[in-house]
Amino acid sequence: MDMKIAVIGAGAMGSIYGGHLSQKHEVYLIDTSPAIVEHIQKEGIRLQENGEENVYQPNAVTSAEGLPVMDLVLLFVKSLYSRDALVSGKNLIGKDTYLMTLQNGSGHEDILEEFAPTDHIIIGTTEDNGAVLGPGLIRRGGTGNTNVGMLTEDSHGFLPRLKEEFECCGFSVKIHSNIQQLIWNKLFTNVSLSAVTGILQVDMGYIAANDHAWNMTVRLIREAVAVAHGLGLEADAEEIIEKVKKTSEMSPNGCTSIRADIQNGRKTEVDMISGSVVRAAGKCGIPVPTHEFVVEMVHALEGKQR
Ligand SMILES: NC(=O)C1=CN([C@@H]2O[C@H](COP(=O)(O)OP(=O)(O)OC[C@H]3O[C@@H](n4cnc5c(N)ncnc54)[C@H](OP(=O)(O)O)[C@@H]3O)[C@@H](O)[C@H]2O)C=CC1
Ligand SMILES: CC(C)(CO)C(=O)C(=O)O
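These numbers come from a predicted model, not from an experiment. (Residues numbered from 1 in each chain as written. Chains lettered and ligands numbered in written order. Predicted model: local features only at pLDDT ≥ 70, side-chain atom pairs only at ≥ 80, totals over all residues. Heavy atoms only, no water.)

### Quick look at the site of ligand 1
Around ligand 1 sit 25 residues, and of these Met13, Asp31, Asn129, Gly130 and Glu269 come closest. Contact distances for ligand 1 include 3.1 Å between an oxygen atom and a side-chain N or O atom of asparagine 104. In this structure, arginine 266 approaches ligand 1 through a side-chain N or O atom, which is 3.3 Å from an oxygen atom. Considering ligand 1 on its own, with 900 Å² of exposed area, one finds that the protein chains cover 81% of that surface. If you list the elements that add at least two residues to the shell around ligand 1, you get helix H1 (12–21) and strand S9 (130–134). Here the residues of the shell around ligand 1 are counted per class, giving 11 nonpolar, eight polar and six charged. Mapped onto the domain boundaries, the shell around ligand 1 takes at least three residues apiece from domain 1 (4–177) and domain 2 (180–305). (Near = heavy atom within 4 Å. Polar contact = N/O pair within 3.5 Å; in protein donor to acceptor, adjacent residues only side chain to side chain. Areas by Shrake-Rupley, 256 points an atom, 1.4 Å probe, with all protein chains shown as cover. Helix = DSSP H or I, 4+ residues; strand = E, 2+ residues; numbered from the N terminus. Nonpolar A, V, L, I, M, F, W, Y, C, P; charged D, E, K, R; others polar. Domains from an automatic or database assignment.)

### Digging into the pattern of salt bridges
The tally for this structure, following the rule as stated, stands at 11 salt bridges. A salt bridge links lysine 78 to aspartate 261; the nearest nitrogen and oxygen atoms lie 3.2 Å apart. Of this pair, lysine 78 sits in the loop between strand S6 (72–75) and helix H3 (82–88) while aspartate 261 sits in helix H10 (residues 257–263); the two residues are 183 residues apart in sequence, bridging distant segments of the chain. Owing to a relative accessible area of 29%, lysine 78 belongs among the partly exposed residues under this scheme. Under the relative-accessibility criterion, aspartate 261 is labelled buried at 7%. (Salt bridge = Lys/Arg side-chain N within 4 Å of Asp/Glu carboxyl O. Buried < 20%, exposed > 50% of the residue type's maximum accessible area, 1.4 Å probe, protein only.)

### Brief notes about the site of ligand 2
Around ligand 2, a shell composed of Asn104, Thr189, Asn190, Ser194, Thr256 and Ser257 is seen. Separating an oxygen atom of ligand 2 from a side-chain N or O atom of serine 194 is a distance of 2.9 Å. One nitrogen or oxygen atom from the side chain of serine 257 is found 2.7 Å from an oxygen atom belonging to ligand 2. Surface burial for ligand 2 is 70%, taken as the share of its 290 Å² of free accessible area covered by protein chains. Looking at the shell around ligand 2, the element that brings in the most residues is helix H6 (residues 179–200), giving three residues. Of the residues in the shell around ligand 2, the class split is no nonpolar, six polar and no charged.

### What about the packing of aromatic side chains?
Taken as a whole and judged by the stated rule, the model has six aromatic pairs. Measuring from ring centre to ring centre gives 6.4 Å for tyrosine 17 and phenylalanine 166, while their planes differ by 50°; the resulting arrangement is tilted. Within this pair, whereas tyrosine 17 is found in helix H1, its partner phenylalanine 166 is found in helix H5 (residues 158–167), the two being separated by 149 residues in sequence. For the residue pair tyrosine 17 and phenylalanine 166, the accessibility class agrees, reading buried in each case. Among the aromatic residues, those joined into a cluster by ring pairs are Tyr17, Phe76, Phe166 and Phe171. (Phe/Tyr/Trp six-rings, centres within 6.5 Å; stacked < 30°, edge-to-face > 60°.)

### A short note on the pairing of strand S8 (residues 121–126)
Among the six residues in S8, six count as buried, and that is most of the element. One ladder, built from three bridges, connects strand S7 (residues 98–101) with S8; its direction is parallel. Bridge pairing in S8 places threonine 101 opposite isoleucine 123. Here S8 pairs with strand S11 (residues 145–150) via five bridges, running antiparallel. Of the residues in S11, the one forming a bridge with isoleucine 123 is glycine 149. (Pairing = 2+ DSSP bridges.)

### What about the side chain of serine 274?
With respect to the helices and strands, serine 274 occurs in helix H11 (residues 274–284). Among all residues touching serine 274, those that are not within four sequence positions of it are Val191, Ala195, His291, Val294 and Val295. (Contact = heavy atoms within 4.5 Å.)

### Regarding the layout of surface pockets
Of the pockets and cavities examined, the second largest pocket occupies roughly 260 Å³. For the lining of the second largest pocket, the secondary-structure elements that each account for two or more residues are helix H4 (109–112), H6 and H11. For the lining of the second largest pocket, the element with the highest residue contribution is H11, accounting for four residues. Grouping the amino acids of the lining of the second largest pocket by side-chain chemistry returns four nonpolar, four polar and four charged. Counting contributing residues per domain, the lining of the second largest pocket is built from domain 1 (4–177) and domain 2 (180–305), each supplying no fewer than three. (1 Å grid on protein atoms, 1.4 Å probe; cavity = no way out; pocket = protein on both sides within 12 Å on 5 of 7 lines; lining within 4 Å. Points joined across faces, edges and corners; volume = space filled by probe spheres on them.)

Shown next as structure tokens:
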């Protein structure tokens, strides 16, 4: 056992990472749902991956109470629950603990910094994806890189260790010196395609196929690109527009996370997706009326489902 790792949130992504990491590390999967935790305790996590079903047996608990201080805390709750989850897991974080997020959206560091010093925060993206099929049963969809980076210099050389410890469990980790660039590269798709499919409640293919939906998507991309430039990031609007169009066309029946959450009567992560563009725009003094509209509209839709 090399590292003590707490993974908070035993949903799709927490199960994929917690399950795989438990092959070599002492992993504690924490989820507020007693049903999920009991299931994992009895039967482990069943992951459908690479055409087979594998079972992993991390420790599973409903609360961080009584757990030791961790080497790494990996946050995999939906971002609207991040603060609550970290308040409940405060005892997991000691002076040497690294706190890590691969959640969609941007600006998670603003919350993480309330719980750990900046030089112990790891942010990034994952190109893996997954879905919960039932209690303890997860389908691992596509796999790809786990992109990580820090907001400051990695003064203790933790990222190379993290890379090694994750890669021996089957992940492919890339360390980036400008991780915000990577985060925004993914964000452009979520703040345009995902947001518009959520509001319209349509499959991904509808966006490129319908002129009005497409105009709205392009407008969102152009506003987000202006903000990215304001933050000093690189972003080529025409390239991003082309990429988002391809994403829509290549997965005509695909369902985005914002759409799925609204459809399932759940709250969305819009505040850390479109909302993060609005907050960054405020700091740079750039107008983003379409993103402001999206945030209000998605929240209005969430209210309708209750
Ligand atoms: N799914 C995917 O393919 C991808 C997801 N992501 C990101 O990963 C993150 C997690 O997504 P995903 O795994 O799909 O989400 P899920 O909803 O599947 O899993 C989150 C889990 O956390 C639980 N939870 C909620 N609040 C707490 C809390 N305070 N403490 C402990 N557990 C809690 C939830 O319980 P309950 O259901 O009862 O609320 C749920 O079981 C998101 O930020 C998402 O953007 C990134 C890339 C791909
Ligand atoms: C756009 C998509 C489906 C990834 O391609 C996504 O990241 C999301 O909506 O969460």
